[in-house]
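Residue strings, one per chain:
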Amino acid sequence: MLNTAQKTEAAGAEQELTDGFHLVIDALKLNGIDTIYGVPGIPITDLGRMAQASGIRVLSFRHEQNAGYAAAIAGFLTKKPGVCLTVSAPGFLNGLTALAHATTNCFPMILVSGSSEREIVDLQQGDYEEMDQLAVAKPLCKAAFRVLHAQDIGIGFARAIRAAVSGRPGGVYLDLPAKLFSQVMNAEAGQKSLVKVIDPAPAQLPAPAAIKRALDVLKSAKRPLIILGKGAAYAQADEAIKNFVEKSGAPFLPMSMAKGLLPDLHPQCAGAARSTVLKDADVVMLIGARLNWLLSHGKGKTWGEAPKKFIQVDIEPKEMDSNVEIAAPVVGDIASCVSAFLEAMSANWLAPPTEWTSAVQKKREENVAKMAPRLMNNNSPMDYHGALGVLRTIIKERPDAILVNEGANALDLTRGVIDMYQPRKRLDVGTWGVMGIGMGSAIAASVETGKPVLAIEGDSAFGFSGMEVETICRYKLPVCVVILNNDGIYRGTDLNSAGSDPATTVFVKGARYDKMMEAFGGVGVNATTPDELKRAVNEAMDSGKPTLINAVIDPAAGSESGRIGNLNPQSVLKKK
Ligand code: OXT
Ligand code: ADP
Ligand code: MG
């Protein structure tokens, strides 16, 4: 059945024709891709219009980077490639950071970009927005393809989709030169050239010997620990993972975006005893988490003196031994691996020694008790804990809301304070600690899941994507943005000792970000106490109206780089 082909008269004989525009749209629809995030312009304006007319949801952003971050997180949430559509050179480059971010975070995404004409680009004759985009994209993504002929559009999209979601997911670039869109071909032949990708992310079964080896190592542990990463959240094997963790009896530590895979209040959760479990565990099983900087590369002070054995479950064989020796590598997709573990575990699997689980429990209770009183203050201006204390209760009462989070203190303290209860509800800066994911993630989270979104943002972090509040208002999305506004990056108190310019880390004092939302018809609130903040957020979540709350935080409340100040290089020379 032809759905978008046009009837035209060609060369005197009536034949049904289609063109590049329609084939792109048909290829997307055939593969179940129903949403595009992008910014219109030459040469893809009509593509967006036609896609919208054909029933695809097309969300137009104010900047491609934010559309790209939306596509990236859509990929994480749905396991389908999120699609970002950009114009040539500058639009493409604006989308590229997000493509690289998707690749780094193992999120499936396709950056589809219009480009200028090959003949002119290759002779460097100065075409409109000339750039060899394919060459630029290649090192920043998992795969990059260019389609030159309408009859190859089907194959081009099939390759892009499969590359994005199979094996270790990642970002894919698809280059569509302007001329392609108006290329005409016979509609029936065009339809036949399309490819529905069968089983785009095939299960990758682990070897039985690898499963046995891993369970033998786990069984030998006196102080086992399971670390769940965002790969485990991505896998959508929630029930199997929960059963496995519970059957093992081991404490588990969720990485930031794996929080909620099992609830943070689960008795085995060691999130509030992080240092203790990393230092003292003797066997560590990583499930969809890499031993990168976020886990101090598996060595050094964080990991203590006691010898450790690592078990690693990952779809990417090259990940094994990347930082330290992996005693039991298990290569496969997490759903298959965890099911295989469950099957191979004996019915009478012994729980770890209570000496270990009680020590973890004790540390956890101590840390929770230490934090509790700090969350109860109603100070004005607020400190982070006072503000986050009320937001924590709101998420507890609305566990299916999606929490988007970025900043430095605004990120690290939110992660520690706000417990998560359901999988894939916490979306944040990811592996690169990138600022700017906020509004794109909030928009995609709302569009892809239909759930309410609470975005907790540092004032600097928000600035990277702030213009998208207009997008939120335009599409009437149930997004509540809370800006923890401490007048700057880390703090608002720095001074420039050498002149009248403001210090490099501070912003306009007392800025009213809430006015930005009002400018576009949304609700803006200035909250100066935790009580006011609580009231405003609850109202926003109840009404579903786009809302931005400027939460006034003490400018002196933050610390340099939040919890990662140790990564700042220090000058050996005396500070001026
Ligand atoms: O076990 P111990 O005792 O150690 O205690 C731990 C837990 O057990 C305990 N805990 C709990 N206690 C009680 N109850 C509960 N529930 C609980 N849960 C945990 O708490 C501690 C800490 O636990 P945590 O957090 O799990 O552990 P820790 O040690 O912090 O973990 C280490 C890490 C590395 C895993 C963790 O810190 C982490 O994930 N960090 C991510 C950090 C990150 O990515 N930061 C963002 C980048 S910072 C910087 O680069 C910024 N920039 C530059 C820039 C960037 N990034 N991007 C671009 C495009 N351009 C520029 C900028 C501009 S940040 C930034 C803006 C900042 O300003 P804002 O205004 O936005 O923000 P503010 O700072 O608010 O002003
Ligand atoms: P975190 O930052 O939460 O520690 P990382 O992004 O470092 O997580 O690690 C995620 C890991 O999960 C990557 O190594 C990736 O290859 C892996 N991964 C992603 N999806 C799957 C899957 N379905 N099955 C197995 N491994 C996966
Ligand atoms: Mg700040």
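If you're wondering where the values come from, they're calculated on a predicted model, not measured in any experiment.

Let's shift gears to the domain arrangement of the protein. Looking at the protein, the domain boundaries give domain 1 (17–193), domain 2 (208–361) and domain 3 (376–559). Using C-alpha coordinates to define each centre, domain 2 is positioned 32 Å away from domain 3. Domain 2 puts 16 residues into the contact, and the matching count from domain 3 is 13 residues. Buried surface at the junction of domain 2 and domain 3, both sides included, amounts to about 1,300 Å², of which 52% is carbon and sulfur.

On to the site of ligand 2. Around ligand 2, the surrounding shell holds 18 residues, and the nearest of these are Arg168, Lys230, Arg290, Asp314 and Ile334. Between ligand 2 and the protein, one listed contact pairs an oxygen atom with a backbone N or O atom of glycine 288 at 3.4 Å. Within the side chain of arginine 290, one N or O atom sits 2.8 Å away from an oxygen atom of ligand 2. In isolation ligand 2 exposes 580 Å². Once the protein is present, 96% of that is buried. With 3 residues, helix H11 (residues 230–234) is the single largest residue contributor to the shell around ligand 2. Classifying every residue of the shell around ligand 2 gives 7 nonpolar, 6 polar and 5 charged.

Time to look at the pairing of strand E17 (residues 453–458). When you tally the buried positions in E17, you get 6 out of 6 residues, the bulk of the element. Here E17 shows two buried faces, one formed by Val453, Ala455 and Glu457 and the other by Leu454, Ile456 and Gly458. Two elements, strand E15 (residues 402–406) and E17, share 5 bridges in a ladder whose sense is parallel. From the neighbouring strand, asparagine 405 faces E17, where its bridge partner is isoleucine 456. Taken together, the 6 bridges between E17 and strand E18 (residues 479–485) define a ladder with parallel strand orientation. For glycine 458, the partnering residue across the bridge sits in E18 and is leucine 484.

In the region of ligand 1, 35 residues are neighbours, and Ser275, Tyr384, Asn409, Gly433 and Asp459 sit closest. One nitrogen or oxygen atom from the main chain of asparagine 409 is found 2.8 Å from an oxygen atom belonging to ligand 1. Contact between ligand 1 and methionine 435: a nitrogen atom at 3.1 Å from a main-chain N or O atom of the residue. The protein chains hide 80% of the 1,500 Å² of surface that ligand 1 would expose on its own. For the shell around ligand 1, the elements supplying multiple residues, two or more each, are helix H13 (274–280), helix H15 (354–371), helix H17 (409–417) and helix H19 (459–463). Per-element accounting of the shell around ligand 1 gives the leading share, 6 residues, to H17. Considered class by class, the residues forming the shell around ligand 1 number 18 nonpolar, 11 polar and 6 charged. Counting residues domain by domain, the shell around ligand 1 receives three or more from each of domain 2 (208–361) and domain 3 (376–559).

This part is about the environment of proline 478. With respect to the helices and strands, the residue proline 478 is situated in the loop between helix H20 (469–474) and E18. Between the C-alpha atom of proline 478 and that of isoleucine 315, which follows or precedes it by 163 residues, the distance is 35 Å. Dropping the residues within four chain positions of it, proline 478 is found in contact with Ser446, Lys451, Pro452, Val453 and Gly544.

Glancing now at a nonpolar patch on the surface. Where nonpolar side chains cluster on the molecular surface, the patch consists of Trp293, Ile564 and Leu567 and spans about 270 Å² of accessible area. Within the secondary structure layout, leucine 567 lies in the segment after strand E20 (547–552).

On to the pattern of salt bridges. Tallying each qualifying case throughout the model produces 26 salt bridges. For aspartate 400, the salt bridge identified is with lysine 451, shortest N-O distance 3.6 Å. Of the two residues, aspartate 400 sits in the loop between helix H16 (384–397) and E15 while lysine 451 sits in the loop between helix H18 (438–449) and E17, which places them 51 residues apart along the sequence. Overall, the relative accessible area of 29% leaves aspartate 400 in the partly exposed class. For arginine 491, the salt bridge goes to glutamate 560, with nearest N and O atoms at 3.4 Å. Pair noted here: arginine 491 is in the loop between E18 and helix H21 (514–519) and glutamate 560 is in the segment after E20, with a separation of 69 residues, a long-range link. Of the residues examined, arginine 491 reaches a relative accessible area of 19% and is grouped as buried.

Time to look at the sheet that holds strand E19 (residues 523–527). The strand order across the open sheet formed by 6 strands is E16-E15-E17-E18-E20-E19, and the pairing between neighbours is parallel. Each edge of the open sheet is held by one strand with a lone partner, namely strand E16 (426–428) and E19. Put simply, the sheet's adjacent strands are angled 15 degrees from each other on average, direction ignored. Packed on one face of the sheet, H17 meets E15, E16, E17 and E18 and runs near 140 degrees to E15.

About the criteria used
- Per chain, residue numbering runs from 1 following the sequence as it is written.
- Here every chain gets a letter starting at A, and every ligand a number starting at 1, in the order they are written.
- A pLDDT threshold of at least 70 governs which residues receive local features in this predicted model, and a stricter bar of 80 or more applies before side-chain atom pairs are shown or counted, although totals over entire chains, interfaces and linings include all residues.
- The side-chain numbers reported here are obtained from all heavy atoms of the structure, hydrogens and water having been left aside.
- Here the bounds of each domain stem from an automatic or database domain assignment.
- The contact criterion used throughout is that any non-hydrogen atoms of two residues lie within 4.5 Å.
- Buried area is calculated as the accessible area (1.4 Å probe) missing from two parts once they are joined, with the contributions of both summed.
- The cutoff for a nearby residue is simple: one of its non-hydrogen atoms must lie within 4 Å of the molecule or strand.
- Whenever a nitrogen or oxygen atom comes within 3.5 Å of another N or O atom, the pair is scored as a polar contact, on the condition that within protein one atom can donate a hydrogen and the other can accept it, and that pairs from neighbouring residues in sequence are kept only if both atoms are in side chains.
- Accessible surface is estimated by sampling points in the Shrake-Rupley manner with a 1.4 Å probe; for residues, cover comes only from the protein chains shown.
- Each helix corresponds to a stretch of at least 4 residues labelled H or I by DSSP, and each strand to a stretch of at least 2 residues labelled E; elements are numbered beginning at the N terminus.
- Gly counts as polar in this scheme, as do all residues outside two lists: the nonpolar Ala, Val, Leu, Ile, Met, Phe, Trp, Tyr, Cys and Pro, and the charged Asp, Glu, Lys and Arg.
- Working definition: with a 1.4 Å probe on protein chains only, accessible area under 20% of the residue-type maximum means buried, over 50% means exposed, and in between means partly exposed.
- Note on pairing: two strands pair once DSSP finds at least 2 bridges between them.
- Excluding any residue in a salt bridge, patches collect residues exceeding 30% relative accessible area, merging like charges within 9 Å and nonpolar Val, Leu, Ile, Met, Phe, Trp and Tyr side chains within 5 Å.
- A pairing counts as a salt bridge when a side-chain nitrogen of Lys or Arg comes within 4 Å of a carboxyl oxygen of Asp or Glu.
- The convention used is that axes are lines fitted to C-alpha atoms, helices contributing only their stretch in contact, and that angles between N-to-C directions extend from 0 to 180 degrees.

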